Amino acid sequence: MNNITSIFKEKKLKLTPQRIAVYKYLKSTTKHPSAETIYKALQEDYPTMSLATVYKTLKTLVDVNLIQELNVGEGSFRYDANTNSHPHIQCINCSKVDDINDITFPELNDKVNGFTKYKVLSNKVYFYGICEDCQNK
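A few points on the structure.

What counts as what
- Residue positions are counted from 1 within each chain, in the order its sequence is given.
- Given that the model is predicted, a residue must reach a pLDDT of at least 70 before its local features are reported, and side-chain atom pairs must reach 80 or more before they are shown or counted; all residues, however, enter totals for whole chains, interfaces and linings.
- Side-chain calculation: all heavy atoms of the structure are included, whereas hydrogens and water are not.
- Here an axis means a line fitted to C-alpha atoms, over the contact stretch when the element is a helix, while the angle between two N-to-C directions is reported on a 0 to 180 degree scale.
- Only DSSP runs of H or I with at least four residues qualify as helices, and only runs of E with at least two residues qualify as strands; both kinds are numbered from the N terminus onward.
- Should an angle fall under 35 degrees it is taken as roughly parallel, and over 145 as roughly antiparallel, whereas 65 to 115 is taken as roughly perpendicular and any remaining angle as oblique.
- Handedness of each helix crossing follows the sense of rotation of the near helix against the far helix: counterclockwise by less than a right angle gives left-handed, clockwise gives right-handed.
- Whether two residues are in contact is decided by their heavy atoms: any pair within 4.5 Å suffices.
- The classification used treats Ala, Val, Leu, Ile, Met, Phe, Trp, Tyr, Cys and Pro as nonpolar, Asp, Glu, Lys and Arg as charged, and all other residues, Gly among them, as polar.
- Expected helix span is taken as 1.5 Å per residue step, with the number of steps being one fewer than the number of residues.
- Three exposure classes are used, based on accessible area relative to the maximum for each residue type with a 1.4 Å probe and protein chains only: buried under 20%, partly exposed in between, and exposed over 50%.
- The directions from the helix axis to the C-beta atoms form the arc being described.
- Strand pairing is defined by DSSP finding a minimum of two bridges between the two strands.

1. Focus on the packing of helix 2 (residues 17–27) against helix 4 (residues 51–63)
At a minimum axis distance of 10 Å, the contact between helix 2 and helix 4 shows a crossing angle of 70°. On the basis of the axis angle, helix 2 is roughly perpendicular to helix 4. As helix 2 runs across helix 4, the sense of the crossing is right-handed. Every residue of helix 4 that contacts helix 2 at Gln 18, Arg 19, Val 22, Tyr 23 and Leu 26 is listed here: Thr 53, Thr 57, Leu 58, Thr 60 and Leu 61. In the contact of helix 2 with helix 4, the residues fall into 5 nonpolar, 4 polar and 1 charged.

2. Looking at helix 4
The terminal C-alpha atoms of helix 4 lie 18 Å apart, and with 13 residues this matches the ideal 18 Å at 1.5 Å per residue to within 8%. The set of residues buried in helix 4 consists of Val 54, Thr 57, Leu 58, Thr 60 and Leu 61. Taken around the axis of helix 4, the buried residues stretch over an arc of 165°, which confines them to a single face. Residues Lys 56 and Lys 59 are exposed on helix 4 and point more than 90 degrees away from its buried face. Taken from the residues just after helix 4, Asn 65 is the one with a positive phi, measuring 60°.

3. Focus on the environment of Ile 100
Tracing the backbone shows Ile 100 in the loop between strand 4 (97–99) and helix 5 (106–113). Its relative accessible area of 19% is what places Ile 100 among the buried residues. A C-alpha to C-alpha distance of 21 Å links Ile 100 and Asp 110, two positions 10 residues apart in sequence. With residues near it in sequence (within four places) discarded, Ile 100 still touches His 86, Pro 87, His 88, Ile 89 and Phe 127.

4. Looking at the sheet that holds strand 4
Strand order in the open sheet formed by 3 strands is 4-3-5, and the pairing between neighbours is mixed. Every other strand in the sheet has two partners, leaving strand 4 and strand 5 (126–129) as the edge strands with one partner each. The sheet shows a mean angle of 25° between the axes of neighbouring strands, direction not considered. Of the strand pairs in this sheet, strand 3 (residues 88–91) and strand 5 are connected by 4 bridges, and their pairing is parallel.

5. Observations regarding the pairing of strand 3
Here 3 bridges tie strand 3 to strand 4, and the two strands are oriented antiparallel to one another. Looking at strand 4, one finds that Gln 90 is bridged to Val 97. Connecting strand 3 to the next strand, strand 4, in antiparallel fashion are 5 residues, including Ser 95 with a positive phi near 75°.

6. Topic: unusual backbone geometry
Despite not being glycine, Lys 12 shows a phi value in the positive range, around 60°. Counting through the fold element by element, Lys 12 comes out in the loop between helix 1 (2–10) and helix 2.

In short, geometric facts, not functional conclusions.
In structure tokens:
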């Protein structure tokens, strides 16, 4: 919690209970929820919070690098509180998204530099497959 407090203070942003709730929810899960999922999960404790507030909060948290936004190609974004560079895998059957841990691609950035005049700063890697639960159905 100190991290969000100090970053918001440094950026001169207001730290509201709703912003804290969205951030805490994301820190408590590895499921990569959508804005709608977050909204529904927090609805009971924050009945006056709108979906628009959730979207604005997520944008702010992405802007200050406290979370990352994932575009896994399903028409809506997913969110991850793990801001370290890491690949993700999505089930093409149930749409579940998981982290792939202990694999990074810094050497890919260096290799791509040889094929372009850009200076590569980062990358996002997505894999697609069928999760264990769907395989067992």
